[in-house]
Amino acid sequence: MGRAPASFPERILPDVPREKIPASVGIIMDGNGRWARRFGWERIKGHTAGIDAVRDTARAAAELGISELTLYAFSVENWKRPRREVTYLMELLRRFAIDERPEIERNGIRFRTIGRVAELPEKTFSALRETERLSAGNDGMVLRLALNYGGRAELADAARRIADDVVAGTLRPGDVDEAALAARLYDASMREVDMVVRTASEMRISNFLLWQISYAELVVTDVLWPDFRRANLYTAIREYAARERRFGELVKG
Ligand code: FPP
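Residues numbered from 1 in each chain as written. Predicted model: local features only at pLDDT ≥ 70, side-chain atom pairs only at ≥ 80, totals over all residues. Heavy atoms only, no water.

Visitor: Could you give an account of the site of the ligand, naming the residues involved and the relevant values?
Guide: Around the ligand sit 17 residues in total, of which Asp30, Gly33, Arg34, Arg43 and Arg81 are the nearest. Within the backbone of asparagine 32, one N or O atom sits 3.1 Å away from an oxygen atom of the ligand. Taking glycine 33, its main chain carries an N or O atom lying 3.0 Å from an oxygen atom of the ligand. For the shell around the ligand, the secondary structure elements donating two or more residues are α2 (32–38), α3 (44–63) and α4 (83–99). Tallied by class, the residues present in the shell around the ligand amount to eight nonpolar, five polar and four charged. (Near = heavy atom within 4 Å. Polar contact = N/O pair within 3.5 Å; in protein donor to acceptor, adjacent residues only side chain to side chain. Helix = DSSP H or I, 4+ residues; strand = E, 2+ residues; numbered from the N terminus. Nonpolar A, V, L, I, M, F, W, Y, C, P; charged D, E, K, R; others polar.)

Visitor: Describe the pairing of strand β4 (residues 142–149), listing the residues and the values that go with them.
Guide: The element β4 is largely enclosed, with a buried count of eight among its eight residues. Pairing geometry for strand β2 (residues 68–75) and β4, over seven bridges, is parallel. Residue pairing for β4: threonine 70 is matched across the bridge by arginine 144. Of the pairings in the sheet, the one linking strand β3 (residues 110–114) to β4 comprises five bridges and is parallel in character. Paired with arginine 110 across the two strands is valine 142, which belongs to β4. In the classification by handedness, the crossover that spans β3, the intervening helix α6 (residues 122–135) and the parallel β4 is left-handed. (Buried < 20%, exposed > 50% of the residue type's maximum accessible area, 1.4 Å probe, protein only. Pairing = 2+ DSSP bridges. Right-handed = clockwise from strand over helix to strand, strands pointing away.)

Visitor: Just give me the short version of the packing of α3 against helix α9 (residues 230–242), but keep the residues and values in it.
Guide: Where α3 meets α9, the closest approach of the two axes is 8 Å, and the angle between their N-to-C directions is 50 degrees. When the interaxial angle is binned, α3 and α9 end up oblique. As α3 runs across α9, the sense of the crossing is right-handed. Contacts between α3 and α9 pair Asp56, Thr57, Arg59, Ala60, Ala61 and Glu63 from the former with Arg230, Leu233 and Tyr234 from the latter. Taken together, the residues of the contact of α3 with α9 break down into four nonpolar, one polar and four charged. (Axes fitted to C-alpha atoms, helices over the stretch in contact; angles between N-to-C directions. Parallel < 35°, antiparallel > 145°, perpendicular 65-115°, else oblique. Left-handed = near helix turned anticlockwise from the far one by under 90°. Contact = heavy atoms within 4.5 Å.)

Visitor: Go over α4 with me, naming the residues and quoting the values.
Guide: A rise of 1.5 Å per residue sets the reference length of α4, with its 17 residues, at 24 Å; its end C-alpha atoms lie 24 Å apart and thus fit the reference within 8%. Residues of α4 that are buried: Glu85, Val86, Leu89, Met90, Leu92, Leu93, Phe96 and Ala97. Down the axis of α4, the buried set is contained in an arc of 160 degrees. They therefore lie on one face. Within α4, the exposed residues directed more than 90 degrees away from the buried face are Arg83, Arg84 and Thr87. Elements in contact with the buried residues of α4: α3, β2, α5 (101–106), β3, α6 and β4. (Expected span 1.5 Å × (residues − 1). Arc of directions from axis to C-beta.)

Printed below as a string of structure tokens:
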């Protein structure tokens, strides 16, 4: 991910005031298959090419001082893809978790995962866990991969943990509120997402972070994920910065 001191975002994006840069960004990386088919290649080539997009985007996000970047890398529905593609993706993830360790370390990135990660193949799971462990003491941007992730599954899992705590007597039913649920999500420290970017034109959320994106701005681009680079992130941020966020309130002034 290269050198990425979160220092002078105004040098990178002089037209966007610092306070208008989103603190937490989520990306639905879509279009890998379409990208590959354009060249007459197998879909899986698009996933390999997508790694370069992940690297450049993460580097640019860290440079801008974005605190958290959450990438939707494998959904609970993705198991329905051909076995060969799933196996390929699992190996790509394992290699990514290992190969990026030096870059993650150099840039002080905190690497995390959310989802039913323990259900991934053992080799992938242990590589991811080790990278999480190695980077846990860093203090830079959180790079979070959503893996075997579903927003509904996350809420169901949180509800089950609430039920367990009520049965154990550590939580009273009357104390179940938004904070109690948020504290039982996969990553309780995750901040609310300010901007969700979706590539490859689809205007859908596809079960991504349902709780954390309640007030997020959605920016859709027709760029296919393997072609996505820092310039596309800057364009999305400019669009986000021009929006008026109201959080259910009336416009002031
Ligand atoms: C969607 O494209 C993409 C995925 C299901 C996988 C995302 C994986 C990567 C970007 C590569 C690995 C990432 C990391 C973080 C190591 P699609 O296959 O649904 O494309 P299509 O809609 O054009 O078919």
